[in-house]
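Spelled out, the chains give:
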Amino acid sequence: MKYAIPRDENTGWGVLGTNLERALNGLEDIPNSIVLHAINGASYEQHVPFLRGSRVNAAIMFFEDVQEARNNAHKAKDFDIIFYGSSWNARVARGFGLTNGAFAVQGVNHNIFRPIPEHQSNHGRFTIGNFAKAEFRKSTDVYIKVFAEFQKRHSDVWLSLGWYNNWPVLVDTLRVSPHIRYVDGATVMETLRKTCEANGIDMDRTMLHPSIGHQYMADLHRECDIEVYVGRAESGNLPAMEAMACGVPLVAMCETGMSDILFPGAYFSVSSVVSDWDKSPQYEGWREPFYEDLLGQMELAYGNREQRVEIGENGRKWLKRFTWEAMATTIRNAVVKRLTARAA
């Protein structure tokens, strides 16, 4: 099998490619003459379009723009099988009439992402984390609003924010937010800092991290008392999965791709509403976190240490089933099944 997927430690695709290639190479009976592509969102753009598998041309795909995915659905015929990173994506693709789709959820390296209790002393701080790159889709504007409010209520609350985004155009989508005032800066980090300051975030109690290598993420997760993930649309959420694997309790919204990794009793559940501020087809299927419920669930987590510990442990146990080896096995089995059916 050949891999037309990035491999690095600084991007979501790179982390997936590195870990999935290792896991697939560790399996037996991997068919030859197969290429596994990465598809960049709903455009169906490939990283290495000229590389083709003579027996099976497969791909992994994540998307959030349903309208664009529908408009480009005809490009799916370029692949024998497409592995969608969430059941939400797979279900939407079936609605387009596509029949070459399958579902393969991402994994976690549990040797790295695991609790280490002696590293979890926050010196009297209550640390709230979020490590989703800054953009409107990821609800960064909601986080800014609710985190500012929470810091005003509680003097011991600190923030650990991994919001750096390699694509400034995505950060700029925060302009449409009804929740915050967006402030331009000369760089992504300056824009984020200025926007946080303009909307009441106490930067003296905020760690706004630059680009973070994946090898450092486990330590950052373990420093958090809770992490919050209420993205409007998620085709996959590796930081949330890795936080759970570290035993960090999540305050989260079980919608779109998050429904694949959350389980009742394993997170503080935030309800959602259908947004009424913009009816653009671009946002089809997206959900808006119910702000008052988000604030209430954060207060519940803040005030109940025993419940945090219980939910964190439940989440850790639930996440044990999500491994890169499990994803690799799903892909291998689906490819073998496709080849067997073709030969029959």
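Above this note sits the structure.
Remember, predicted model here, so these are calculated numbers, not experimental data. (Residues numbered from 1 in each chain as written. Predicted model: local features only at pLDDT ≥ 70, side-chain atom pairs only at ≥ 80, totals over all residues. Heavy atoms only, no water.)

Draft legend 1. Quick peek at empty space enclosed by the protein. Applying the stated rule across the entire model yields one cavity of 30 Å³ or more. When its volume is computed, the largest cavity comes out at roughly 50 Å³. Every residue lining the largest cavity is listed: Gly85, Val105, Gln106, Gly236, Asn237, Met241, Gly257, Met258, Asp260 and Ile261. For the lining of the largest cavity, the class distribution of residues is four nonpolar, five polar and one charged. (1 Å grid on protein atoms, 1.4 Å probe; cavity = no way out; pocket = protein on both sides within 12 Å on 5 of 7 lines; lining within 4 Å. Points joined across faces, edges and corners; volume = space filled by probe spheres on them. Nonpolar A, V, L, I, M, F, W, Y, C, P; charged D, E, K, R; others polar.)

Draft legend 2. How the structure looks around the packing of aromatic side chains. One pass over the structure, following the stated rule, counts ten aromatic pairs. With a centroid separation of 6.4 Å and an interplanar angle of 35°, the aromatic rings of Phe63 and Trp88 are classed as tilted. One end of the pair, Phe63, is in the loop between β4 (56–61) and α2 (66–71); the other, Trp88, is in helix α3 (residues 87–95), with 25 residues separating them in the sequence. In this pair, the class of Phe63 matches that of Trp88, namely buried. Connected via pairs of aromatic rings, a cluster forms that spans Phe63, Tyr84 and Trp88. Directly above the aromatic system of Trp158 lies the positively charged group of Arg125, at a separation of 3.6 Å from the ring centroid. Between the NZ or CZ atom of Arg232 and the centre of the ring of Phe136, over which it lies, the distance is 3.8 Å. (Phe/Tyr/Trp six-rings, centres within 6.5 Å; stacked < 30°, edge-to-face > 60°. Helix = DSSP H or I, 4+ residues; strand = E, 2+ residues; numbered from the N terminus. Buried < 20%, exposed > 50% of the residue type's maximum accessible area, 1.4 Å probe, protein only. Lys NZ or Arg CZ within 6 Å of the ring centre and 35° of its normal.)

Draft legend 3. Summary view of the pattern of salt bridges. Under the definition given, this model contains 21 salt bridges. Note that Asp172 and Arg175 form a salt bridge whose closest N and O atoms lie 2.5 Å from each other. Residue class for Arg175 comes out partly exposed when judged on its relative accessible area of 45%. Look at the salt bridges and you will find they share partners, linking Glu64, Lys133, Glu135, Arg137, Lys138 and Glu234 into a network. (Salt bridge = Lys/Arg side-chain N within 4 Å of Asp/Glu carboxyl O.)

Taken by themselves, the reported measurements are silent on function.
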